[in-house]
Amino acid sequence: MFLILLILVQGISLDVYDTPNDDGSSITLSWSSDTLISSYQILRSIFPEHDFKEIARVESGKTTYVDTAVKAGTKYYYRIKGAGLDTVFFSNTAGPVRPIAQIFNLGRLNIAVCMIILFAVILFYISRARKGEKLYIRKIPALTAVEEAIGRATEMGKPVLFVPGIMDIDNPQTIAAMSILARVAEKTAEYGTPLYVPTSKAMAMSMAQQVVKESATKVGRPDWFNADNIRYLTDDQFGYVSAVDGMMVREKPATNLYLGCFYAESLILAETGHYTGAIQIAGTAMPDQLPFFVAACDYTLLGEELYAASAYLSQEPIQIGSLKGQDFGKLIFILVIVIGVITRLLGNQYFYNLFKTTR
Amino acid sequence: MKSILPIIVVFGFGFFMLVSFFIPLKGIQDTSQTFQNWYIGVMAFFIFIGIFNIIKINLEKIQRRLRDWQYSIILLICLLVMMAAGFIGGPEGGLFLYFYKNVQIPLGATMFSLLAFFVASAAFRAFRARSPEATLLLIAAVLVMIGRVPIGYWIWHGFPNLVEWIMTVPNTAAKRGILFGIDLGMISMGLRVLLGIERSYMGGGKE
């Protein structure tokens, strides 16, 4: 019995390159796949002809490998050995390739350009507002209703419930919610209406306590502040929902404000609030939860309006200036989309390619 | 100083994290990761503050015999039992896992299940054709609901394709529009926070 082993040199086409947009700590290999091969051995050397050693073994079906065990600035050569049932395939020797640290991530250049333009526009409008120019921004009915809703709770002698979402303070929506909470707390403190803020995260509770305390002090009502009204319930999503639902049913707040980041609990909260007869204002930047709030609440802040709310409620010219800049940024985006659609329809790729991620 | 120092800290760290998003250099990335690890450390510490808050509020409620104070006893007992189970057997321990699987998960699932009924009641109110927009919503919802179930295909073979088109074209377009607004709003708010224009989240408004 003789076992015949057929070796095919350069049966695999190998390409290696310095991984783009990294700190020079990796090299990427890509090769052509072959259904006859069951596994690949990755071989590496710092010489073009000899001293190739196995650095990894990958299963068939994969056509890329990122070698992270390299030193920046060193030249490397690669080969791949593919093992078939009774056949061994070799690739060409690819290289030399030298990993180099990139100072700027070119893959994020388009984001950087958009951000710079947006920053410039916002700063321009802020400077105009600083000079005393009166800027017009459209009315947001949900925010106009906030004061009315607090007034209603005051007249009814019932509390206001503020739910700042279920995420921690590293989430921008929670930060936005805290900014709105500051304005709501000012009003409720002014009117002497109890304000309940149940939180799902201890850090959010701590922040909310500080925000409400400062707001009460600001309007000259430090005695109104009660730390026990701003409490931590649980990190568990549905445990939190059941606790807040319980508060709604027992305390019967006249106004429920759901502002922040919400997931599946959005509708459970809003529907329970509806059954208790409260006026409800919601706002979130979670597109999947917006329809639930729209269906179950009296007013809803749609996406960006949540981030604009604090600035809108403050009515400070500088903050309004930033909103104007944001709106202008939106106009630029709309124009870019329209131009992109038209040029693509006309078969021109140039404008479209400007926004493609660079490798 | 009380308000200036936090603004300097926010600006410093915020600006650094923003820059680190664009610069892949090792030193920058490592420092960025260190800052994020600090946050995790601080967050872990806050768990104690949270537990302390729960115990304090519920003990007060029991002491002052406030309304439904009996529930606070149950809550504190459950808290202590779970803590004890965790300390004795660890988070993977038998007793802790037993309570988690047989109490915590079914209770959570029960709350989640309520969603089905709430969807029905909210849909009933939302789909009343009171305005042209609501009528449009009603028509789209009916088409999507019919097209998603086998009877839709039985009525008309084109229903699933129509639903697919509604979901991928008008629905996605609207969603993307909202997402653009959200991203712009987030950047705008981020800039206001970085520059110290927006400081109400720190408990302070205008100077």
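Shown above is the structure to which this text applies.
Each chain has its residues counted from 1, running along the sequence as written. Just so you know, chain letters begin at A and ligand numbers begin at 1, following the order they were written in. Reporting of local features is limited, given that this is a predicted model, to residues whose pLDDT is at least 70; pairs of side-chain atoms are given and counted only at 80 or more, and all residues count toward the totals for whole chains, interfaces and linings. Only hydrogens and water are set aside; all other atoms, that is, all heavy atoms of the structure, feed into the side-chain values.

Quick one: what's the story with a nonpolar patch on the surface, residue by residue and with numbers?
All names here are of chain A. A patch consists of residues exposed above 30% relative accessible area that lack any salt bridge, with like charges linked at up to 9 Å and nonpolar side chains (Val, Leu, Ile, Met, Phe, Trp, Tyr) linked at up to 5 Å. Under the convention used here, a 1.4 Å probe and the Shrake-Rupley method define accessible areas, while residue burial counts only the protein chains that appear. A pairing counts as a salt bridge when a side-chain nitrogen of Lys or Arg comes within 4 Å of a carboxyl oxygen of Asp or Glu. On the surface, Ile103, Phe104, Leu106, Leu109, Val113 and Ile117 cluster together to form a nonpolar patch covering roughly 510 Å² of accessible area. Note on placement: Leu106 falls in the loop between strand E9 (94-97) and helix H1 (109-130). Between buried and exposed lies partly exposed: a residue is buried under 20% and exposed over 50% of the maximum accessible area for its type, with that area taken using a 1.4 Å probe on protein chains only. Note on Leu106: relative accessible area 41%, which makes it partly exposed. Secondary structure elements follow DSSP: runs of H or I no shorter than four residues count as helices, runs of E no shorter than two count as strands, and numbering proceeds from the N terminus.

Tell me what's going on with the interface of chain A and chain B, and back it up with residues and numbers.
The contact definition used throughout considers only heavy atoms, calling two residues in contact when any of these lie within 4.5 Å. Taken together, the contact between chain A and chain B spans 80 residues of the former and 56 residues of the latter. Here the quantity called buried area is the accessible surface, traced with a 1.4 Å probe, that two parts lose on coming together, added over both. Between chain A and chain B lies a buried interface of about 5800 Å² when both sides are counted; carbon and sulfur atoms form 70% of it. Put simply, chain A and chain B have three salt bridges between them. The residue Asp288 of chain A makes a salt bridge to Lys175 of chain B at a minimum N-O spacing of 2.8 Å. As used in this structure description, the phrase polar contact means that two N or O atoms lie within 3.5 Å; if the pair is within protein, one of them must be able to donate a hydrogen and the other to accept it, and residues adjacent in sequence are counted only when both atoms belong to side chains. At the junction of chain A and chain B, the tally comes to 15 residue pairs in polar contact (both at pLDDT 80 or more). The element contributing the most residues to the side of chain A that touches chain B is helix H4 (residues 202-218) of chain A, with 11 residues. All amino acids are sorted into three groups, where Ala, Val, Leu, Ile, Met, Phe, Trp, Tyr, Cys and Pro are nonpolar, Asp, Glu, Lys and Arg are charged, and the leftover types, Gly among them, are polar. Broken down by class, the residue content of the side of chain A that touches chain B amounts to 44 nonpolar, 17 polar and 19 charged.

With reference to specific residues and values, describe the sheet that holds strand E12 (residues 230-232) of chain A.
Residues and elements named next belong to chain A. In this description, strands pair whenever DSSP reports at least two bridges between them. Overall, parallel pairing links the six strands, which are arranged E12-E11-E10-E13-E14-E15 in an open sheet. The open sheet terminates on both sides in strands that have one partner only, identified here as E12 and strand E15 (299-302). The average undirected angle you get between the axes of adjacent strands in this sheet is 15 degrees. As paired strands, strand E13 (residues 255-261) and strand E14 (residues 279-284) are joined by five bridges and run parallel to one another. Bridging from a neighbouring strand, Asn256 pairs with Gln280 of E14. All axes here are fitted lines through C-alpha atoms, helices being fitted over the stretch that makes contact, and every angle between N-to-C directions spans 0 to 180 degrees.

Talk me through the pairing of E15 of chain A; I want residue IDs and the actual numbers.
Bridge analysis of E14 of chain A against E15 of chain A gives four bridges, and the strand direction is parallel. What sits directly across from Ala282 of chain A, in E15 of chain A, is Thr300 of chain A.

An account of the packing of aromatic side chains is requested, with residue identities and associated values reported.
Classification of ring pairs uses Phe, Tyr and Trp, with its six-membered ring standing for Trp, and accepts pairs whose centres are within 6.5 Å; under 30 degrees between planes counts as stacked, over 60 as edge-to-face, and the remaining range as tilted. Tallied over the entire structure, the rule returns 19 aromatic pairs over all chains. The interplanar angle of 75 degrees and the centroid separation of 5.3 Å between the aromatic rings of Phe124 of chain A and Tyr125 of chain A together place this pair among those described as edge-to-face. Using a relative accessible area of 44% as the deciding quantity, one classes Phe124 of chain A as partly exposed. Seen in terms of ring centroids, Phe16 of chain B and Phe35 of chain B are 5.4 Å apart; in terms of plane orientation they differ by 75 degrees. Their pairing is edge-to-face.

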